[in-house]
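# Descriptive structure summary
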Amino acid sequence: MELQNLNSDDEKLIKFRSNYREKIDGWYNGFLHVFIIYSIGFLLLCFYIMNISALKNIELLIVFFTFLLCNIFEWALHKYVMHRPQNFPGARAIYSRHVQQHHQFFSKEEMRFAGPHDWRVTFFPPYALIIFTFMSIPGVILLTWLFNANVGWLFIITTTSMYLIYETMHFCCHVGDNFILRNLPFVNTLRRHHAAHHDQGIMTKVNMNLTFPIADWLFKSSDLNRGLLGHLFNGYNEKYKK
Ligand SMILES: [Zn+2]
Ligand SMILES: [Zn+2]
């Protein structure tokens, strides 16, 4: 951010960032944070995949339905828990971490983190994956009972993968612009989509998806006025803004 021509919002953001950074525990290491998230994720995925046997094509249908379910879940969690204070255990902490930290640290004008130290406010804490894993277990049990074990394992493979995709896509939204990100399908779309969401004036209303803007299109909470395919491959295009 240029130091000349700062407006009051820029000054607020700079002040917030320096206060936030001062409060981070000395032992915090951004690389370790990310390493723990992806190590747990990939180890769990390996374990689930090892349990699949004699896979039939029809069983793969569950991946498609789980993908859509996760997309709606991510949208709903962001809209109703991360942006609205709720009363169940942990909800307030999620809300405060998102609205009072993440959204103060990154603005529509300054979406970039400065370095690995800022990953503290970019990624979820590592225990989030453990919580999402426990939330998936009833689904595994139900689908195994209704269909078979392969369908159960494929369900949790998809939920865990979607979580890792969520973290990766969101990370890509807070990296400085470059040729690759600008031209990478889906990533370029989400970068514009999420930067628009970081506008404090509209953050509670638009662009709640953090992987692919499917639920935002479905529930009409997108800042774009175009069809599903147009939404998915919009890239940086501002032509269809409402
Ligand atoms: Zn963000
Ligand atoms: Zn948000």
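This structure is a prediction, so every number in the text was calculated from the model and none was measured.

Reading guide: rules and limits
- Residues numbered from 1 in each chain as written.
- Chains lettered and ligands numbered in written order.
- Predicted model: local features only at pLDDT ≥ 70, side-chain atom pairs only at ≥ 80, totals over all residues.
- Helix = DSSP H or I, 4+ residues; strand = E, 2+ residues; numbered from the N terminus.
- Rg over C-alpha atoms; globule rule 2.2 N^0.38 Å.
- Buried ≥ 20, exposed ≤ 12 C-beta atoms within 10 Å, placed from the backbone.
- Expected span 1.5 Å × (residues − 1).
- Contact = placed C-beta atoms within 7 Å.
- pLDDT = per-residue confidence, 0-100.
- Axes fitted to C-alpha atoms, helices over the stretch in contact; angles between N-to-C directions.
- Parallel < 35°, antiparallel > 145°, perpendicular 65-115°, else oblique.
- Left-handed = near helix turned anticlockwise from the far one by under 90°.
- Nonpolar A, V, L, I, M, F, W, Y, C, P; charged D, E, K, R; others polar.

Once that is clear, we can look at the overall build of the protein chain. Along its length, the protein chain carries 10 helices and 0 strands. Each helix and strand of the protein chain, placed in order from N terminus to C terminus, yields the pattern α-α-α-α-α-α-α-α-α-α. The C-alpha atoms of the protein chain give a radius of gyration of 19 Å, which matches the 18 Å a tight globule of 242 residues would have. Seen through its principal axes, the protein chain has C-alpha atoms that stretch 65 × 45 × 40 Å. Sorting the 242 residues of the protein chain into buried and exposed places 25% on the buried side.

Let's shift gears to helix H3 (residues 61–82). If you check H3, its first and last C-alpha atoms are 30 Å apart, about what 22 residues at 1.5 Å a residue would give, namely 32 Å. The complete set of buried residues in H3 reads Ile62, Thr66, Cys70, Asn71, Glu74, Trp75, His78 and Met82. On its buried face, H3 sits against helix H4 (91–105), helix H5 (127–146), helix H6 (149–173) and helix H9 (214–218).

For the protein chain, mean pLDDT is 94; residues scoring 70 or higher make up 98% of the total. Highest mean pLDDT in the protein chain belongs to H9 (98); lowest belongs to helix H1 (residues 8–23) (89).

Along the polypeptide, Lys12 turns up in helix H1. Residue classification places Lys12 among the partly exposed residues on the basis of 13 C-beta atoms within 10 Å. It is 22 Å that separates the C-alpha atoms of Lys12 and Met82, two residues lying 70 residues apart in sequence.

Between H3 and H6, the least distance of the axes is 9 Å, while the angle of their chain directions is 40 degrees. Taken together, the axes of H3 and H6 are oblique relative to one another. For the element pair H3 and H6, the recorded crossing hand is right-handed. Residues Ile62, Val63, Thr66, Phe67, Cys70 and Glu74 of H3 lie in contact with H6, whose contacting residues are Val151, Leu154, Phe155, Thr158, Thr159, Met162 and Tyr166. Of the residues belonging to the contact of H3 with H6, the class tally is 9 nonpolar, 3 polar and 1 charged.

Okay, unusual backbone geometry next. Backbone geometry at Ala54 places phi at a positive 45 degrees, although glycine is not the residue there. With respect to the element layout, Ala54 can be found in the loop between helix H2 (30–50) and H3. When the 7 C-beta atoms within 10 Å are taken as the criterion, Ala54 is described as exposed. In this structure, Phe186 takes a positive phi of about 70 degrees despite not being glycine.

The next point concerns the packing of H1 against H4. Packing of H1 against H4 brings their axes to within 9 Å, and their N-to-C directions diverge by 120 degrees. Between H1 and H4, the crossing angle belongs to the class labelled oblique. Handedness of the H1/H4 crossing: left-handed. Listed contacts from H4 to Phe16, Arg17 and Tyr20 of H1 are Gln101, Gln104 and Phe105. Classifying every residue of the contact of H1 with H4 gives 3 nonpolar, 2 polar and 1 charged.

Our next topic: the environment of His198. Note on placement: His198 falls in the loop between helix H8 (187–197) and H9. Counting along the chain gives 87 residues from His198 to Met111, while the straight-line C-alpha distance between them is 8.1 Å.

For Ala93, the position within the fold is in helix H4. Separated by 11 residues in the primary sequence, Ala93 and Met82 have C-alpha atoms spaced 9.0 Å apart.

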